[in-house]
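Now for the letters of each chain:
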Amino acid sequence: MRPIEIRRSGLVPYQDALALQRSLVEERRAERIPDTLLLLQHPPVITLGVKGDGGRSNVVADSRRLLQLGIEISETGRGGDVTYHGPGQIVGYPILDLRPDRCDVHRYVRDLEAVMIGVSDEYGVKAGPIEGLTGTWLGDQKIGAIGIRISRWITSHGFAFNVSTNLEHFDLIVPCGIKDRGVTSLETATGRTMPMGEVEDAVIRHFCVVFQREAMIAVPAS
C-alpha cells in the first residue's frame, strides 16, 4: 500500500488552512512530499464555492448577525455551494495524487462518502448516500459534507464530518443550497459525547481502508 502522511493540526483559521493546502499541492505535484491527509477544525466560518454566486444567495443571516457571532465569510476555490465550518467538526483535506489508477472524479467523491459512512457505522449510526446529492446522510439530514478541487489529478479541499458541531449555526445559511434537507451530527445521532481525538482516529482508519493507504503520523515541529 502507498503511504499517506497524516497531519493532525487542531484548530486552524480557514485562510491559513487554504494557504497550507495550496503549498502542499505544489509540493505533492513536485513529488517532494507523499500523499497527505490534513485533519483539523476551523473557527466558525461560512465558506463559498465556485458554483454560480458561490452560494452568497444562500447566506440567510445578515452581516450584522454574523459579526455578532464572530463568523467570517471566506472564498474557497472548491466546488459546491455554501457551507459552514466550526469547532466540533472534523475537516479532512486530502492532498492526493490520484494517478495512475484512481483518475475518476465520481469515484473519488464516492470514496470520501464511504469514509464517513464507515465512521458513522463504527458508532452504530447507519448513514448512506442519496442519489443525485453528494455527502453522507442520515435520512434527510446531512452528517458529512464534501467539496473538492482536483487540479491535474492532485486533490485538495475535501470533507467535513459533524461530530459535536453547533448545528444552530447551519441556520445562518441554506447548507449546500439544499432547501428541503437538514443537518445533524454524530453526537445528536447517538445521544453521546464524542471525544474528537477518538473520532479522528476512526476517520484515519477508514480513510486508509477505502483509499488503500498506510498511515504515517507526522511529528509536529518542536
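Residues numbered from 1 in each chain as written. Predicted model: local features only at pLDDT ≥ 70, side-chain atom pairs only at ≥ 80, totals over all residues. Heavy atoms only, no water.

Participant: Any chance you could explain the overall build of the protein chain here in plain terms?
Facilitator: When helices and strands are counted, the protein chain shows five helices and 11 strands. The globule rule puts the C-alpha radius of gyration for 222 residues at 17 Å, and the 16 Å found for the protein chain is close to it. Referenced to the eigenvectors of the C-alpha coordinate spread, the extents of the protein chain come out at roughly 45 × 40 × 35 Å. With 222 residues in all, the protein chain has 51% of them scored as buried. For the protein chain, the exposed area adds up to about 10,400 Å²; of that, 51% sits on carbon and sulfur atoms. Separation of charge centres in the protein chain, based on 25 positive and 28 negative side chains, amounts to 4 Å. (Helix = DSSP H or I, 4+ residues; strand = E, 2+ residues; numbered from the N terminus. Rg over C-alpha atoms; globule rule 2.2 N^0.38 Å. Buried < 20%, exposed > 50% of the residue type's maximum accessible area, 1.4 Å probe, protein only. Areas by Shrake-Rupley, 256 points an atom, 1.4 Å probe, with all protein chains shown as cover. Lys, Arg positive; Asp, Glu negative; His and termini not counted. Charge placed at Lys NZ, Arg CZ, Asp CG, Glu CD.)

Participant: When you look at the sheet that holds strand β5 (residues 83-85) in this model, what are you seeing that I'm missing?
Facilitator: Sheet strands pair by backbone hydrogen bonding; their relative direction is either parallel or antiparallel. Strand order in the open sheet formed by three strands is β4-β3-β5, and the pairing between neighbours is mixed. Strands with a single pairing partner mark the edges of an open sheet, and in this sheet they are β4 (72-75) and β5. Sheet twist, expressed as the average angle between the axes of neighbouring strands with direction ignored, equals 30°. For strand β3 (residues 45-48) and β5, the ladder comprises three bridges, and the chain directions are antiparallel. Along β5, the bridge assignment pairs V45 with H85. (Pairing = 2+ DSSP bridges. Axes fitted to C-alpha atoms, helices over the stretch in contact; angles between N-to-C directions.)

Participant: Mind showing me how you'd approach unusual backbone geometry here?
Facilitator: Most of the time, phi is negative for any residue but glycine, and the peptide bond is trans. In this structure, the amide linkage connecting R99 to the following residue, P100, adopts the cis form with an omega of 5°. In this structure, P100 sits in the loop between β6 (89-95) and α3 (105-122). The backbone phi angle of H157 is positive, close to 55°, even though this residue is not glycine. Tracing the sequence through the fold places H157 in strand β9 (residues 154-162). Its relative accessible area of 3% is what places H157 among the buried residues. Residues other than glycine seldom take positive phi values, yet Q212 does so here, at roughly 55°. Relative to the helices and strands, Q212 resides in the loop between α5 (196-211) and β11 (213-217).

Participant: How should the packing of aromatic side chains be read in this particular structure?
Facilitator: In this description, an aromatic ring pair is defined by two values, namely the gap between the centres and the angle between the planes. Applying the stated rule across the entire model yields three aromatic pairs. Taken together, a centroid distance of 5.3 Å and an interplanar angle of 75° make the contact between Y84 and F170 edge-to-face. You can see Y84 sitting in strand β5 and its partner F170 sitting in the loop between β9 and β10 (182-183), a full 86 residues away along the chain. Across this residue pair, the class does not change: Y84 and F170 are buried. Three or more aromatic residues joined by ring pairs form one cluster here, namely Y108, F207 and F211. When the ring centre of W137 is taken as reference, the NZ or CZ atom of R181 above it lies at 5.8 Å. (Phe/Tyr/Trp six-rings, centres within 6.5 Å; stacked < 30°, edge-to-face > 60°. Lys NZ or Arg CZ within 6 Å of the ring centre and 35° of its normal.)

Participant: Any chance you could explain the side chain of R102 here in plain terms?
Facilitator: Relative to the helices and strands, R102 is located in the loop between β6 and α3. A distance of 2.7 Å separates polar atoms of two side chains, one belonging to R102 and the other to D111. Not counting chain neighbours up to four residues away, the residues in contact with R102 comprise R107, D111, V210, F211, Q212 and R213. (Polar contact = N/O pair within 3.5 Å; in protein donor to acceptor, adjacent residues only side chain to side chain. Contact = heavy atoms within 4.5 Å.)

Participant: Can you walk me through the nonpolar core in this structure?
Facilitator: Proteins that are soluble and globular tend to have nonpolar side chains buried together. Within the largest apolar cluster, 33 residues are counted, with the highest numbers of intra-cluster contacts made by L39, L112, F159, F161, L186, V199 and F207. At the level of secondary structure, the elements contributing two or more residues to this core comprise β1 (2-11), β2 (35-41), α3, β8 (141-151), β9 and α5. In terms of residue count, α5 provides more of this core than any other element does, eight residues in total. Not counting residues within four places of it along the chain, the set of residues in contact with L112 comprises P94, I146, I148, G158, F159, F207 and F211. (Core = buried A, V, L, I, M, F, W, Y, C linked by side-chain atoms within 4.5 Å.)

Participant: In this structure, what is going on with the pairing of β2? I would like to understand it.
Facilitator: On any regular strand, side chains alternate: one points to one face of the sheet, the next to the other face. The element β2 is extensively covered by neighbouring structure, given that seven of its seven residues are classed as buried. Alternating positions in β2 separate into two faces, D35, L37, L39 and Q41 on one and T36, L38 and L40 on the other, with burial throughout. Sheet analysis places β1 next to β2, joined by seven bridges and oriented parallel. When the bridges of β2 are listed, R7 appears paired with L38.

Treat this as a map of the structure, not an account of what it does.
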